[in-house]
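Here's the letter readout for the chains.
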Amino acid sequence: MTGDAVPKPFRAPGAAEPVRPRRAGTRKPLLHAVAPAAILAATLIGCSPGGDPPSSASRERGALDHLVATIVVERAATTSSHERPGSLRHRRQVRLFSQEEGRITALDVFEGDMVREGEVLVALEDDILQAELDKARATLAQAELDVGRLEDLVSKRAASDAELSQARTAVAVARGDVRLLETRLAFTRMTAPFDGVVTERLVEPGDFVSRNTHLLTIADPQSLVAEVYASELILPRMKVGDPAQLRIDALGGAAFPARILRIHPSLEQTSRQGIVELTLEDPPPGVKAGQFVRVTLETAAVERLLIPFRALRRDRDGELVWLITEEGQASRRKVRSGLQIADRIEILEGLVAGDRVITRGFLGLSEGKTVKVVPE
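Residues numbered from 1 in each chain as written. Predicted model: local features only at pLDDT ≥ 70, side-chain atom pairs only at ≥ 80, totals over all residues. Heavy atoms only, no water.

A.B. asks: Could you give me a rundown of the pattern of salt bridges, with the residues and numbers involved?
C.D. replies: If you walk through the whole model with that rule in mind, you get 23 salt bridges. The salt bridge partner of Asp126 is Arg189, with a shortest N-O separation of 3.3 Å. Of this pair, Asp126 sits in the loop between β7 (120–124) and α3 (127–155) while Arg189 is found in strand β8 (residues 189–191), placing the two residues 63 residues apart along the sequence. For Asp126, a relative accessible area of 17% translates into the label buried. (Salt bridge = Lys/Arg side-chain N within 4 Å of Asp/Glu carboxyl O. Helix = DSSP H or I, 4+ residues; strand = E, 2+ residues; numbered from the N terminus. Buried < 20%, exposed > 50% of the residue type's maximum accessible area, 1.4 Å probe, protein only.)

Quick look at the structure:
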């Protein structure tokens, strides 16, 4: 063994290799490599323009900014469209009732038949009335003969003036009886009051009907109108003659031009809605009374103060909006809304033109809080 050799420690066969401690001098090369890089990075940061790191105050201020989006309230002339469901009906329709009693001897029209004005539709048995009329006419003829004879006798002073007056009264009564029976006889023939179509037939030939029995219904097919209900909020902005669009579900999705014919003066007390009647300018083939329709009503242009619907908030006290004051702070304002038009809503009270209303950023918003406006 030489003098500089280091003896190895004894290790039993199969034993693990002992772990040797690392010398402290092994870290020196790593430290010498890292130190120059750190010094170079610090020098670059210090020399570069604007390289100062953000202060803690500025970082805190950026984290606390409450971002909101706003709009400036303005007045604008706008129109509104409102679709309302309704039904078609005949505006000109007549129900025929019997004014005399008797058996029906003629009834030749059915539902759907077209009739002409003056055409006889229903005939009642009239034998008894005809006989009574013949008797009344004979009585009148005899009364007129009696007046003539008495006038001759009065001229000869063979009869008194009182007898002549009584005979003339009998003539007037007989004429009244004749006119009464002629009128009742005419009631046994019912004619069409206008050109139209039969929509109801409620009796059959041979039936015995009493007075005031509903026999037929006649309607004018050219008088179809659509009836819809409109809110009291839009009724003041509509007038007779305004155009509208009408769609009939049974005839597809085509829209037909229509005009407002009549606006009823009274409202339904529960819903506060009134009836609006519209007439079709050119009724399409296949249109019938009772069909379901959808009517689009256009109101006249009116200046309104509108804001986005999402800007309107509600709480237990009612409706409100959030404004931005001149100092850039949030402020609550109570409002009263009106008509909703698409995604905007009318403000009736609480705002004026020029107010800045917050439309987004409500989470965490409170009275007097400073906010920062960002583009919508």
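A.B. asks: Now, about the environment of Ser87: what can you tell me, with residues and values included?
C.D. replies: Structurally, the position occupied by Ser87 is in strand β3 (residues 81–90). The exposure class assigned to Ser87 is partly exposed, which follows from its relative accessible area of 36%. Counting along the chain gives 140 residues from Ser87 to Glu227, while the straight-line C-alpha distance between them is 5.6 Å. With residues near it in sequence (within four places) discarded, Ser87 still touches Val225, Ala226, Glu227, Gln291 and Val293. (Contact = heavy atoms within 4.5 Å.)

A.B. asks: So, the packing of α3 against helix α4 (residues 161–186): which residues are in play, and what are the values?
C.D. replies: The contact between α3 and α4 brings their axes to 8 Å, and the two run at 160 degrees. Relative to α4, the element α3 lies roughly antiparallel. The handedness of the crossing between α3 and α4 is left-handed. Of the residues contributing to the contact of α3 with α4, the split by class is 16 nonpolar, two polar and 11 charged. (Axes fitted to C-alpha atoms, helices over the stretch in contact; angles between N-to-C directions. Parallel < 35°, antiparallel > 145°, perpendicular 65-115°, else oblique. Left-handed = near helix turned anticlockwise from the far one by under 90°. Nonpolar A, V, L, I, M, F, W, Y, C, P; charged D, E, K, R; others polar.)

Treat this as a map of the structure, not an account of what it does.
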